[in-house]
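Geometric and topological summary
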Amino acid sequence: MKVGIVGCGSMGSGIAQVAATAKETVVVYDTNANALEKAESSLRKIFNRLIEKGKYTEQEANDIIGRIEYTNTLEKLSGADIVIEAIIESLEIKQSVFKQLEGLVSKDAILASNTSSLSIASIAASCEFSSRVVGIHFFNPAPLMKLVEIIPAVSTSSAILTKAKEIIDSWGKTTVLVKDTPGFIVNRVARPFYGEALRIYEEGIANFATIDAAMKQVGGFRMGPFELMDYIGNDINYTVTETVFKAFYYDPRYKPSFTQKRMSEAGYLGRKSGKGYYDYSDNANSQGEISEEVLEEIFNRILAMLINEAADALFWNIASKEDIDLAMRFGTNYPKGLLAWADEIGIETILNRLNSLYETYCEDRYRPSPLLRKMAKEGSTFFS
Ligand SMILES: NC(=O)c1ccc[n+]([C@@H]2O[C@H](COP(=O)([O-])OP(=O)(O)OC[C@H]3O[C@@H](n4cnc5c(N)ncnc54)[C@H](O)[C@@H]3O)[C@@H](O)[C@H]2O)c1
């Protein structure tokens, strides 16, 4: 099969590596010659390390690299069976690229976008045959993250959807099916992990390191919210929150935080700038003395908000309960699926925590999902 990739930034390069590793013939197109050169040499370095670690032989690595052609000639994508676009997040530019791609591939070829925040419907609308356009959303870094969200637009045909899922499954990824709604599953359901942590900090309940410790020590999360925001970059994480907030017609559940906005404005972007919530030059922040009880309170509050978000995504039929849990385990490395976690803790306990937050703050942000209220009344669970 011939796979076309448009854009060879962090995502396009990673997706090309995934496809070539799965023995596909890959053509990577980018308008920027420097970006192409950089992508090619970075891939060589990645494989040199993988050879050193004994993951691949020299021959296997050469075969994979040899399957990828880098080009700044768009026509080289002609005849591709599937093209995955991973360029700058601009609707106008993406639409113009899709229009050009349409003229190069056959009518039954798949045209996919890796967009994180634009609707697939709006990208597909630029095509004459919009039934072959679908969202295929990889996570960063694509070779390491198992999850891929598959998003049909209203116009996507079921044949294209099935074919897209089969291809990505055959590349060894875990696919979930999700409605064309803001943030899809992961970037929607994960919002409280950052938003509620920032809010707890802003209220003066605890410092960054304490909130991180609560999520790691009590909840078993691999990284705390502030460590993760520093890792992702405060600029990127803030923009995702703001985009989701606007796309949900300013639902207060997704309200961005001034703390993060100021960090971003100040250039305290996190690891990539050497300073974010933590100082990466001398690791200056320390947790200090904090009681076990406070750690549990922080964890319970953030987890209840995450579960509420997952339950609400299910309430609105964004995805199946199985896919929502899979997405959060494989797209964000959460220790457990949020809905299974809710079953374990008890739906009523989660509902009580949310009701108590709602009563304390009288804010719509803390409204429990109708699904949790219904389930608590019925005494039902998500899975068992
Ligand atoms: N970075 C992430 O964590 C992440 C995760 C999932 C999805 N995404 C989505 O993937 C897409 C790409 O993100 P990225 O982080 O890899 O971006 P990036 O900035 O690293 O790379 C974008 C590349 O696209 C190229 N490009 C720009 N306009 C082009 C055009 N008209 N034709 C061909 N190439 C063009 C640029 O030269 C650049 O090399 C975006 O839609 C983003 O929302 C990003």
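See the structure printed just above.
Procedures and definitions
- Residues numbered from 1 in each chain as written.
- Predicted model: local features only at pLDDT ≥ 70, side-chain atom pairs only at ≥ 80, totals over all residues.
- Helix = DSSP H or I, 4+ residues; strand = E, 2+ residues; numbered from the N terminus.
- Rg over C-alpha atoms; globule rule 2.2 N^0.38 Å.
- Buried ≥ 20, exposed ≤ 12 C-beta atoms within 10 Å, placed from the backbone.
- Contact = placed C-beta atoms within 7 Å.
- Core = buried A, V, L, I, M, F, W, Y, C linked by C-beta atoms within 7 Å.
- Domains from an automatic or database assignment.

Digging into the overall build of the protein
Helix and strand content of the protein: 17 helices and eight strands. Here the protein has a C-alpha radius of gyration of 22 Å; the compact-globule value for 384 residues is 21 Å, and the two agree. Principal axes of the C-alpha set define a box for the protein whose edges measure 60 × 50 × 40 Å. The buried share among the 384 residues of the protein stands at 46%. Here the analysis covers contacts within the protein between residues at least 6 apart in sequence; of these, 68% occur between residues at least 24 apart.

Here we look at the nonpolar core
Formed by 111 residues in total, the largest nonpolar core has its most connected members in Val83, Val134, Ile185 and Ala310. In terms of residues, this core owes the most to one element, helix H13 (residues 292–315), which gives 13 residues. Two domains each put at least three residues into this core: domain 1 (2–177) and domain 2 (188–378). Apart from residues no more than four positions distant in its own chain, Ile185 is found in contact with Glu149, Val176, Val178, Ala313, Ile318, Ala319, Asp323, Ile324 and Ala327.

Some thoughts on the environment of Leu357
Tracing the chain through its elements places Leu357 in helix H16 (residues 347–361). Accessibility expressed as a C-beta count within 10 Å gives 20 for Leu357, which makes it buried. Separated by 280 residues in the primary sequence, Leu357 and Leu77 place their C-alpha atoms 53 Å from one another.

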